[in-house]
Every structure is written in C-alpha cells, then in structure tokens.
Amino acid sequence: RYATASSGPQARATVPNYDLFKQRLDRARATVLENKPLTLAQKILYAHLHDVSSMTSAPVPGETYLKLSPDRVAMQDASAQMAILQFMLSGMKQTAVPTSIHCDHLVEAYEGADKDVARSWQTSREIYEFLQAASQKYGIAFWKPGSGIIHQLVLENYAAPGTLMLGTDSHTPNAGGLGMLAIGVGGADAVDAMASIPWELKAPRVLGVRLSGSLHPWGSPKDVILALAGKLTVRGGTGYIVEYFGEGVESLSCTGMATICNMGAEVGATTSVFPYTPSMARYLRATQRAPIATAADAQQASYLSADEQVTQSPETYYDEIVDIDLSSLEPGYNGPFTPDLYTPRSLMTDTVGREQWSDKVSAALIGSCTNSSYQDLSRAASLARQASERGLKVAEGTEFLVSPGSEQIRATMERDGIQQAFESIGAKVLANACGPCIGQWNRDENPVVKNRETNSIVSSFNRNFRARNDGNPNTMNFLTSPEMVLSAALSGRLSFNPLADTLTDSTGKEFKLQPPTGDELPKDGYAQGRDEYKPLLDHQPAMEIPIAPTSARLQTLEAFVPWNGQEFFNTRVLITVQGKCTTDHISAAGKWLKYKGHLENLSRNTLIGAANAAMDGQVNLVRNSIEGLEPAQGTIPDVALAYKTANVPWLVIADYNYGEGSAREHAAMQPRFLGCNMVIARSFARIHETNLKKQGVLPLVFARPDEDYFIFAKDPHELVVQTQGVKDINEHNPVVTLLVERIRDGNVIETYSVECRHTMSADQIGWFKAGSALNLIASQQGA
Ligand code: SF4
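Residues numbered from 1 in each chain as written. Predicted model: local features only at pLDDT ≥ 70, side-chain atom pairs only at ≥ 80, totals over all residues.

Describing the overall build of the protein
Okay, so step 1: Per the secondary structure count, the protein includes 26 helices and 31 strands.
Okay, so step 2: Projecting the C-alpha coordinates of the protein onto the three principal axes gives extents of approximately 80 × 60 × 55 Å.
Okay, so step 3: Looking at the 783 residues of the protein, the share that counts as buried comes to 58%.
Okay, so step 4: Considering only residue pairs separated by 6 or more positions, the protein has 78% of its internal contacts joining residues 24 or more positions apart. (Helix = DSSP H or I, 4+ residues; strand = E, 2+ residues; numbered from the N terminus. Buried ≥ 20, exposed ≤ 12 C-beta atoms within 10 Å, placed from the backbone. Contact = placed C-beta atoms within 7 Å.)

Concerning the pairing of strand 6 (residues 181-184)
Okay, so step 1: Here strand 6 shows two buried faces, one formed by Leu181 and Ile183 and the other by Ala182 and Gly184.
Okay, so step 2: The pairing of strand 5 (residues 164-167) with strand 6 spans 4 bridges and is parallel. Bridge pairing in strand 6 places Gly167 opposite Gly184. (Pairing = 2+ DSSP bridges.)

Structural notes on the sheet that holds strand 27 (residues 676-681)
Okay, so step 1: The strand order around the closed barrel formed by 7 strands is 21-26-27-28-31-30-29, and the pairing between neighbours is mixed. Going across the sheet, the axis of each strand differs from the next one's by a mean of 40 degrees, ignoring polarity.
Okay, so step 2: Strand direction decides the pairing type here: strand 26 (residues 650-654) and strand 27, joined by 5 bridges, are parallel. Of the residues in strand 27, the one forming a bridge with Trp650 is Cys676. (Axes fitted to C-alpha atoms, helices over the stretch in contact; angles between N-to-C directions.)

A closer look at the packing of helix 3 (residues 77-90) against helix 26 (residues 773-781)
Okay, so step 1: For the pair helix 3 and helix 26, interaxial distance at closest approach is 8 Å and the crossing angle is 35 degrees. On helix 26, the residues touching Gln86, Leu89 and Ser90 of helix 3 are Leu774, Ile777, Ala778 and Gln781.

A look at the domain arrangement of the protein
Okay, so step 1: Here the domain parsing of the protein yields domain 1 (328-531) and domain 2 (571-781).
Okay, so step 2: Distance from the C-alpha centre of domain 1 to the C-alpha centre of domain 2: 39 Å.
Okay, so step 3: Contact residues are listed per partner, giving 5 residues for domain 1 and 5 residues for domain 2.
Okay, so step 4: Class assignment of the residues belonging to the side of domain 1 that touches domain 2 gives a composition of 2 nonpolar, 2 polar and 1 charged. (Domains from an automatic or database assignment. Nonpolar A, V, L, I, M, F, W, Y, C, P; charged D, E, K, R; others polar.)

Comments concerning the pairing of strand 9 (residues 240-245)
Okay, so step 1: Among the 6 residues that make up strand 9, 6 are buried, leaving the element largely enclosed by the rest of the structure.
Okay, so step 2: Where burial is concerned, the two faces of strand 9 agree: the one with Tyr240, Val242 and Tyr244 and the one with Ile241, Glu243 and Phe245 are both buried.
Okay, so step 3: Across 6 bridges, strand 8 (residues 205-212) lies against strand 9 in parallel orientation. Each residue of the ladder has a partner; that of Gly208, found in strand 9, is Glu243.
Okay, so step 4: For the handedness criterion, the β-α-β arrangement of strand 8, helix 7 (residues 221-232) and strand 9 is classed as right-handed.
Okay, so step 5: Inspection of the sheet shows strand 9 paired to strand 10 (residues 271-273) by 3 bridges, in the parallel sense. The partner of Ile241 across the bridge, within strand 10, is Thr271.
Okay, so step 6: Handedness of the crossover joining strand 9 and strand 10 through helix 8 (residues 254-262): right-handed. (Right-handed = clockwise from strand over helix to strand, strands pointing away.)

Considerations on the environment of Ser57
Okay, so step 1: One can find Ser57 in the loop between helix 2 (40-47) and strand 1 (65-68).
Okay, so step 2: Through-space distance from the C-alpha of Ser57 to that of Met165 is 25 Å; in sequence the pair is 108 residues apart.

Describing the site of the ligand
Okay, so step 1: With respect to spatial proximity, 15 residues lie near the ligand, and among them Ser368, Cys369, Cys434, Cys437 and Ile438 are the closest.
Okay, so step 2: Looking at the shell around the ligand residue by residue, the classes come out as 7 nonpolar, 5 polar and 3 charged. (Near = placed C-beta within 6 Å.)

So, the nonpolar core
Okay, so step 1: Counting residues in each nonpolar core, the largest one holds 240 residues, and the members touching the most others are Leu574, Val577, Leu651, Val679 and Ile680.
Okay, so step 2: Looking at this core, the element that brings in the most residues is helix 3, giving 8 residues.
Okay, so step 3: The residues contacting Leu574, other than those within four sequence positions of it, are Val622, Ile636, Val639, Ala640, Trp650, Leu651 and Val652. (Core = buried A, V, L, I, M, F, W, Y, C linked by C-beta atoms within 7 Å.)

A word on helix 21 (residues 636-645)
Okay, so step 1: Those residues of helix 21 not exposed but buried are Ile636, Val639, Ala640, Leu641, Ala642 and Tyr643.
Okay, so step 2: Within two residues after helix 21, Asn647 carries a phi angle of roughly 65 degrees, on the positive side.

Considerations on the confidence of the model for the protein
Segments scoring low in pLDDT should not have their predicted coordinates read at a detailed level.
Okay, so step 1: On average, the protein scores 94 in pLDDT, and the residues at 70 or more come to 99%.
Okay, so step 2: Segment residues 1-5 is flagged for pLDDT under 50; beyond a separation of four residues in sequence, or across chains, it makes 19 contacts in the model. (pLDDT = per-residue confidence, 0-100.)

Quick word on helix 23 (residues 686-694)
Okay, so step 1: The buried fraction of helix 23 is high, at 9 of 9 residues.
Okay, so step 2: Every buried residue of helix 23 is accounted for by Arg686, Ile687, His688, Glu689, Thr690, Asn691, Leu692, Lys693 and Lys694.
Okay, so step 3: Taken from the residues just after helix 23, Gly696 is the one with a positive phi, measuring 85 degrees.

A short note on the sheet that holds strand 9
Okay, so step 1: The strand order across the open sheet built from 4 strands is 10-9-8-11, with neighbouring strands paired in parallel fashion. Whereas interior strands pair on both sides, the edge strands pair on one side only; in this sheet they are strand 10 and strand 11 (320-325). Across the sheet, the axes of successive neighbouring strands diverge by a mean angle of 20 degrees, strand direction being ignored.
Okay, so step 2: Across the sheet, helix 7 lies against strand 8 and strand 11, angled at about 135 degrees from strand 11, the strand it touches most.

Next up, the structure:
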C-alpha cells in the first residue's frame, strides 16, 4: 500500500510513499499500458492497481474493470452506520486502511452552533456512541459532532496529492482540489477497502476541462462548476473522470479547486481532479502538512500532473474536452430543482421574470462542504462590511445562515472578524455541520414551508433537488457563489444584480457594492479551534459495540439470502418510474436520516419520491398486482411490504440516469430488503448501479431504451415477468431477456420479449450469486 505504511486512527495523513507510486506506475506503463502518455487521473488509478500482473492487456475505458487498492476511507455519520453494520458482518478485526468517521449530517440547525451540537447529542446519542465504539474497536479516527463536515475535514487533514480515497458520500471528490483522486461510494464499497479487498471500478474515460485566463473580481471558482454543469447536464459526466488543465489552473486557490471538484458530483462524474499546483503546496503548509508539500514538490512534474505530451496535445489524449475561459465567466445561478439549469448573472434578472420564478428570497445560506473556505468567507464578509458600514442589514423576510465547514474555519473566522461581519448584518452562524444543506434546519414552522408556498432560497451549496432543503416542493433553490448569496441576502431579491444595481442605505442613499476582496489563506495562519473537536484516536480492539435490540434507530444486519441459481419467475412490476429518480427519491433524507442504521424502519420510505408513469406521474402511489392482497392501491412502501410478506418478488422499471445524486447505498439495500430482485432502467447513475450489484439486486438496462420502457408504462400491475439468461449469467454474455405476460381477468392477453443487458464483471457476478458482496467477503473471512 503506497500512501501509508499502516492503518490505525490518524489525526492527519502521513507523507505518501511516492517512490512506491513511481515503481507501480512504471511497471504498469511498461507492461499493460504500452508506455503511452497518461493523464493525471490515469496515473493515479494505474499506480493503485491491486495487481498489475493479473492484467493481460491495456484497459479499455468504459469496459475493463480495474481492481484498485485505495489508500484511505472517510465516512459521514449517516452512511457510516450502515457501513459499520456491514463491516461487523465481514469478520475483520481492524480496518486495513486508515479510516475516519465524521459526525456532520445528524446535527440539526435550530438554535445556533453550540446549542445545536448539544441537542444532537440528545437526539442522536445512541448513534454517536455506536459510531464512537466502532471507531475505537476497529481503529478508526472519530470526529465528533461539531468538528466539521466530512469533505472540509478531509481537505484539511487527510487529502494528499496523488493518493486514492473512497468516501461514503457523493461529494467526496472535493479532495480533488488537493490533487487526490477521491471517489464517492456506498458503504459496501468502503467495506471492501476497509477489508483490503480490491475495489472495482470500470476504467473511466477522462474528460479534460481546459481553463484559460483568470477570474474577474466578481468571479469565483463556484462559477466554473456552475457553468460546466450547465454545459454537461447532470448526466454528461457519467463514466468520466473530469481532469482540469490549462494555464487558468494556476490562478486558482486550492480551496477553490476543491469547490469545483466537490460539485463535479452534480454532472455524474466518477470524480474530478486538478494537477498539483503551488496553491496546493501553500494550503498543505498552512494546514500543518509541510512534509507532504515538500514530498509532492519533488514529484510534481513527473507524477502529480498529466504527462507533457498530454498537455501539449490534449485533443489526442483526453476523451472529451470542454473549454472554459475564466476571464469571461460571469457569476452563475443553477436551479431551480436541478443543478444543471444554468443562468449567467447578466440573464438572471430577465429570466426570473420570464420563468415566473419567485423573486423574493426567503433564505440565503452560505458555507457547507462546498463553499466554506477562508477565501469564500472572507470575500463574502467584505460585502457584508460594506453593507454594515452603511447601516444595512439583510432584507426583511430573508433569513441569512452561515454553516462553517469545520471548527478550524469557524475559529479562524471568529478570530479574523469574519463572523462579526456576518453577524453585523443579521446572520446566524450555525454548527460546523451539514444543517440546511440536508434539510436539517428550523424551517418547519416557517409559513412558506408550512403552507407549501412558492418561494426562493439561494445557497452556496451543491445540490438542489426539489424539496431537498426544506421538504417544501415549492421552494425554488438556486445554487450560486457565496458572494452572490450575500448580495441576495442584502437585497432579498433573486433579480438583484450586484454588478449593476444599487442598494439603499440606512439614510436612504443609494450605493453600489464594490467587488468582493478576500485572502486565499489567513495571514495569521489557521486558528486551531476548541480541543473538544479534535478527533478521538483511541484504538481499543476489545471494545463492545452497543446495539439495543429494542432500538428504533439501529438494527443488526442479517445477511441477504443467496441467489438460488434459477431464473426469476413470477416477478411483479412494483412501479414504472417516470423521469428523474434520484437517491433522494428512492431513500429520502430529512426526517428519515434518523433511521439510517435501521434497515427495516428506513425501508418505510422506499421510493416515496418516485413518480408513477402509469398513473399520470403521481408520486408514491402504485396499484397492487395481486388480487386480494391489501392494499389494492397504496403507497410504494406499503405495496412493497405486502409483496414481501406474501413472498412475491418484484422489480422496478426506471427511466434515464436512475439513482443519480448520492452514494446512498440504502437506496439499494431497502428495495433488496423488501424483496426487489431486479431494476431495469433506461440508464443508471454509476454509483447506484454498483450499489445495486453490491446488495445482490440485478441491474439491467434496456437494449432498446426508447421503445421497451413504454411497454411497462401502461398498467404495469398487469405484467408478470420471467427471466431468460440469469441462470447462465456470466461476464462474457451481457444479454438477459425478460419474458413478459400481460394478464387481465386471469387471461394472458399479450406477451413481450424484452432484451436487456447487464454490466457485471466476474467478481460482481460472484456478489450476485452470494446474495451480496458482503456475503462473499464474509465467506472468504470464514465468518
Ligand atoms: Fe453535508 Fe451538504 Fe456537503 Fe452533503 S453536500 S456533505 S449534506 S454539506
């Protein structure tokens, strides 16, 4: 293992073993890679091949599965619960790679930072104690609630150029801003890495984004990814690693690059990465990792950036290229309801009117894992100071909330007067946690939410699916830079353009905000913050892990039943999903977050956000296909549970990019728990497809997605499905055929033969046969 010599709890990353990196990469180059020039992403991947000698030919992007050895795992508190429950089933005594757990998602933002953290110990003590005990038992660094958001803490402590990390959260790619290849996965994938089982990834294509010029005074790194999401759409990055290059890269701060990589998740990319730059070295030194900067400086030209031939002739070596000129990039707004609906500032005012978006901004939110760097906050604070000097506060009826990404950021913000600048205009500073970004904030009593009113919120976050932030499907959520959020907080209007419009000060005089200014890094270094938020590094192998049998929030997992070696018979179509169906739709967050460690209770939210193509797009409503089984028509979890109780297997028919959004493996485990044996989609989001495979659900795509999907869009409750090809499933033949009968009044009135494809490797077929990937690991451990 090249990055670290040993596992065990660590407060910070150790210096990567770049010599081993070189040896491994050189070996891969000389054998299977035919000494071809490589992009940075390819270098990092191929230096992490588990066993290059097992490869017989050059990997084919989009086809060959790479078996990789990640250096590190990071998990957040919501997804860590299930990952740990699974790791407990694996029979391992300790994690094989350095691992950290970060308590960030379960802190609700209600009364302000400290009170909210204290409150979260009351509401989630059971979960925290479970995660803490598991961390102690298995040698994991445990970051308590209030210490910060996973991606910010990883950037500050664990990211290192050229290394490979898995994180159980879809915004794990944030660490690409520090030259790390950091990939969002489900807990079962994390368990692979923690158990030293080779982790599989289909060789990705590499999409090069060439940056030229430099940002103008109102421009911010966020605008790069907002514009890119507009160009690529939420599906455009699927199957790709996004790699940035070009002279514009050098003009960006390390934390700015992290913002760009963070939101790369919104284009569906496997991950995003920047080459090593002097700004990364500055950030490493500022965060007390000078030895890593020194080691990386020595490697920069050869191992931490693309080969020279690639940068000289990028069209030859990148699979796709997108050009972005930073100098002409305007502040952007993406939304509402989808992160790829891009509107540049100069068109925003007109678009608000034309699209009848709600102009009134009911909440302005900055911070989160995406945008809470010192640079972000100091630039936004410079605008806040301009306003407070003129006696101005945030607009009436607009709530202004700040979510610092970590205790280090919060303490530095407080020391340097940034927090005071925000508070002087009426901001409330929340705990160092996810809070509003994941719908955990005090909006329930707000009339706009209570009455389901149409309203707009503006945030510097990264994701804006309908109802994500406050449960109100009529809340229009716009993603933008911290500077634009601040401007919206002051004006209270979406249509306000700070580059052109004026505000009115306390004396009635009009004034224009001057462009924001701020520092890339704090001049006096980062403040360290309160000791209570330092990580717990306490390895105690004999520790007992507490799970009360009566708990509503934690439940010991039972292994899924292995496949019986036969075709699937008598399978019912639970729902034909219409349109966008993200992991939020399959396994909602918000109030359901508290059940993340209790599969049975959480499964009561399965697919409650899915729209039924056969019932005019109605959400969470399906017909039961079995006569006499109650309910005849009901919510999706109710009907799924009825099928499970009656031992009737069922499947889901899905639209394009099914499962986009997060790495939430619950979105695969819950259907499996309720008896789902297949999901057949027009296409899948990568992580979710892998998660289905890990949990023993067979994911298939239609061979003719534009035609065959519609067979299932009409009265799917009449359909009974049998497979042909599952019995002999293998990695060389991707075809599985569905033999479908339409039965009405007891008679078969139509039959269809629908050709589908699977994308499973030999190992993944092993998971399917064993009933889940974990069953396979456990059998290998003799557990
Ligand atoms: Fe937390 Fe939001 Fe970042 Fe996810 S995207 S880690 S919920 S702050």
